[in-house]
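Fold and geometry: a report
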Amino acid sequence: MTKFDYFLQNAEMLNDRFYIVPLLYGSLGLEVLTKSSLNADDIDILIPQVFITGDKWKEFKLFLESFGYTLIDEHEHTFCKNGVDYSYASVEGLKEFAGIDVCDIGIRNISGTKFMLLSLEQYLKVYQKSSLDGYRMNVKEKQDNQKIEFIRNHMNAKIRKAKLGEEKILAYIQTES
């Protein structure tokens, strides 16, 4: 199974038990969006803040543990199952962090499992902001800069493809006139 398959299993559980539509975040989300392998080493998932604090956190943690997930870092809300790490963080934090409103994030549905996925433009905002973070500057700066370049290249390819489509339409209109 791929990491995305594991994410979908997890998302289905979150949909069914807590009515959460999780955001697939980080490298794996960017992989899914671009259909490119970025060798994501874990699964980053953003969920409502209420589930990672207080009583809801306890319920959430017990629920995951009942399905074989092992908590490996409570501060980071990271669990492991089948050798794959799942880290949970607050989706509401995106607004303050990168200016992305949850309402502006697209929702996908695969075989009845719902999840959110950022757009290329939103990923660009996230990685540009992440590249300014102290920890990431010291540890992940090169990776972040590579992802920023990767995202820009994909955005430029989309623009070129759209322009080519416009040119074909104009050429067709001109031949029909």
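For the structure given in this document, a descriptive report is provided here. What you see is a predicted model; the values in this text were computed from it and never measured.

**Here we look at the pattern of salt bridges**
- For the structure on display, the rule yields 4 salt bridges.
- Of the charged contacts, one joins Glu59 and Lys56 as a salt bridge, the two residues approaching to 3.8 Å between their closest N and O atoms. Taken together, the positions of Glu59 and Lys56, both in helix H3 (residues 54-66) and 3 residues apart, correspond to about one turn of that helix.
- For Lys56, a relative accessible area of 34% gives the class partly exposed.
- Close ionic contact of Lys95 with Asp101 constitutes a salt bridge, the shortest N to O distance being 4.0 Å.
- Within this structure, Arg17, Lys56 and Glu59 form a network of salt bridges that share partners.

**Description of the pairing of strand E6 (residues 106-110)**
- Across 5 bridges, the pairing between E6 and strand E7 (residues 113-117) is antiparallel. Bridged to Arg108 within E7 is Phe115.

**Comments concerning the packing of aromatic side chains**
- In the structure shown here, the tally under the stated rule is 14 aromatic pairs.
- Pairing Phe60 with Tyr88 gives two aromatic rings, centres 5.1 Å apart and planes at 85°, and the pair type is edge-to-face. With Phe60 in helix H3 and Tyr88 in strand E5 (residues 84-90), the pair connects residues that are 28 residues apart, well separated along the chain. In this structure, Phe60 and Tyr88 share a single accessibility class: buried.
- Chaining the aromatic ring pairs together yields one cluster made of Phe18, Phe51, Trp57, Phe60, Phe63, Phe67, Phe79 and Tyr88.
- Note that Arg17 overlies the ring of Phe18, its terminal NZ or CZ placed 4.8 Å from the centroid.

Cut-off values and rules
Residues numbered from 1 in each chain as written. Predicted model: local features only at pLDDT ≥ 70, side-chain atom pairs only at ≥ 80, totals over all residues. Heavy atoms only, no water. Salt bridge = Lys/Arg side-chain N within 4 Å of Asp/Glu carboxyl O. Helix = DSSP H or I, 4+ residues; strand = E, 2+ residues; numbered from the N terminus. Buried < 20%, exposed > 50% of the residue type's maximum accessible area, 1.4 Å probe, protein only. Pairing = 2+ DSSP bridges. Phe/Tyr/Trp six-rings, centres within 6.5 Å; stacked < 30°, edge-to-face > 60°. Lys NZ or Arg CZ within 6 Å of the ring centre and 35° of its normal.

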